[in-house]
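Fold and contact review
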Amino acid sequence: MSYTLPPRWADRFSRRSFLRLAGGGAAGLALGGLGASGGRPALAGPLPISQLSRMVFDVSYRTRVMDLPSDAEEVHVWMPLPPSDYAQKISDFSLTCPLPFEITRDEIYGNRMAHIVSEPRPFEVEARYRVTRERVGAEQLVLAPESAEKYLTLTPRVRVTSEVESFAHTTIGESREPREIGQRAFDAIVDLLSYDKTIPGCGTGDTAWVMRHKRGKCDDYHALFMAVMISRDVPVRWEQGFPLAAPSGDQEQAGSLAGDCTGAHCWASFYAPPQGWIPVDISEADKAEAGGDFFFGQLSPNRFKVSEGRQVTLNPAQGGDPLNTFAFAYAEADGIPLIYGANYENEIKYWIREVEQG
């Protein structure tokens, strides 16, 4: 297989890039609890991501409220609920909770969530739904000027520092065409960063940290991309969700995802008329064994989205700061954030029902 680097990056071709193209990329997530369906044997390994065209899977998203502070008076829980959009359809939705709940949306991004209020007592809430996810390219929508502002907003962590601006200037040059800007930023970030899931805690998506350490997780890759694109007045849509391991054949499979932020996944889309919203998954591109070109302009279906945006203010508004991202249920007691793992925990499971290739 031959591979030709873009001319502007030929002089920056690193040993790490060579090893990645030669097949030294990281492996995907491991599946748990596999079960056969219809007596068909599994294939020897996971299907190539580029061959997946459609997946159907069931999800159970459960939040348990456990030991609470002895002086707590009122507990609030907000659980993200996945949207139906151009890439995925949600069906067979149900929500089980021993307490009254309401379904609300945040004012800026329209994220749906279940909101529960309780006295300080243990309880569980579980959302179940079926996700039909397609392999998709650009979403051909026209972005109204009044809607563009929220996609051009930096955050306390997604910021344009002097190092980020210098990187953007070197990477983008004088280009003003959004798709070209996106392609150059994508290529440069893949070359600059190393995927590292051993970072203590979660990837925070802090661009100053990313530029200092040149490594990170999906949040870090896409935070840098977001900052670079916004610095050039290109709208960026942050999409938050979960990854599924690449399936093996079309047999039924099951798995689970870490209930804290280490189990989530994010990607981004940028607005480039006339194509519309062009998706990118830069961290997956950097992990790909045979180059990551697939992940510029396309998304594989082994994922699902639960929310959009950074610095999310819930509805009703939480007492704590806006959430960096909204992948997992969030809980407070009397306006003070509860401690994940001590006061509450999340459990996400999935069952793959159908896989299509082509």
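Our structure's up above, just so we're on the same page.
Scope of this entry: the structure provided in the associated data block.

**Quick look at the side chain of Ser-300**
Within the fold, Ser-300 resides in the loop between helix H7 (282–287) and strand E13 (303–308). Under the relative-accessibility criterion, Ser-300 is labelled buried at 1%. At 2.6 Å, the side chain of Ser-300 and the side chain of Asn-302 are in polar contact. Beyond its immediate stretch of four places on either side in the chain, Ser-300 contacts Ile-49, Phe-294 and Phe-295.

**Considering the sheet that holds strand E16 (residues 344–357)**
Spatial strand order, E3-E6-E1-E16-E10: 5 strands in an open sheet with antiparallel pairing. Strands with a single pairing partner mark the edges of an open sheet, and in this sheet they are strand E3 (88–96) and strand E10 (253–257). Neighbouring strand axes in the sheet, compared pairwise and without regard to direction, differ in orientation by 20° on average. In terms of strand pairing, strand E1 (residues 52–65) meets strand E6 (residues 123–134) through 12 bridges, oriented antiparallel. Within E6, the position partnered with Arg-54 by the bridge is Glu-134.

**What to know about the sheet that holds strand E9 (residues 236–243)**
In space, the 4 strands of this open sheet follow the order E12-E11-E9-E13, with antiparallel pairing throughout. The sheet is open, and its two edges are formed by strand E12 (276–280) and E13, each paired on a single side. Looking at each pair of strands side by side, their axes are set apart by 35° on average, direction ignored. Where E9 lies against strand E11 (residues 265–272), 6 bridges are found, and the strand directions are antiparallel. Within E11, the residue paired with Gln-240 across the bridge is Cys-266. The strands touched by helix H4 (residues 178–192) are E11 and E12; relative to E11, the strand with the most contacts, the crossing angle is about 150°.

**Here's the deal with a negative patch on the surface**
Taken together, the side chains of Asp-71, Glu-73, Glu-74 and Asp-334 make up a negatively charged region of the molecular surface. Within the secondary structure, Glu-73 sits in the loop between E1 and strand E2 (75–81).

**Quick look at helix H6 (residues 218–231)**
In this model, H6 (14 residues) spans 20 Å end to end at C-alpha, consistent with the 20 Å of a helix rising 1.5 Å per residue. For H6, the tally of buried residues reaches 13 of 14 residues, placing the bulk of the element in the interior. Downstream of H6 by one or two residues, Asp-233 has phi in the positive range, about 60°.

**Some remarks on the packing of helix H3 (residues 162–172) against H4**
Where H3 meets H4, the axes come as close as 9 Å, and the angle between the chain directions of the two elements is 120°. For the pair H3 and H4, the crossing hand works out as right-handed. Between H3 and H4, the contacting residues are Phe-167, Thr-171 and Ile-172 on the first element and Ile-181, Arg-184, Ala-185, Ala-188, Ile-189 and Leu-192 on the second. Class assignment for the residues of the contact of H3 with H4 results in 7 nonpolar, 1 polar and 1 charged.

What counts and what doesn't
Residues numbered from 1 in each chain as written. Predicted model: local features only at pLDDT ≥ 70, side-chain atom pairs only at ≥ 80, totals over all residues. Heavy atoms only, no water. Helix = DSSP H or I, 4+ residues; strand = E, 2+ residues; numbered from the N terminus. Buried < 20%, exposed > 50% of the residue type's maximum accessible area, 1.4 Å probe, protein only. Polar contact = N/O pair within 3.5 Å; in protein donor to acceptor, adjacent residues only side chain to side chain. Contact = heavy atoms within 4.5 Å. Pairing = 2+ DSSP bridges. Axes fitted to C-alpha atoms, helices over the stretch in contact; angles between N-to-C directions. Patch = residues over 30% accessible without salt bridge, like charges linked within 9 Å, V, L, I, M, F, W, Y side chains within 5 Å. Areas by Shrake-Rupley, 256 points an atom, 1.4 Å probe, with all protein chains shown as cover. Salt bridge = Lys/Arg side-chain N within 4 Å of Asp/Glu carboxyl O. Lys, Arg positive; Asp, Glu negative; His and termini not counted. Charge placed at Lys NZ, Arg CZ, Asp CG, Glu CD. Expected span 1.5 Å × (residues − 1). Left-handed = near helix turned anticlockwise from the far one by under 90°. Nonpolar A, V, L, I, M, F, W, Y, C, P; charged D, E, K, R; others polar.

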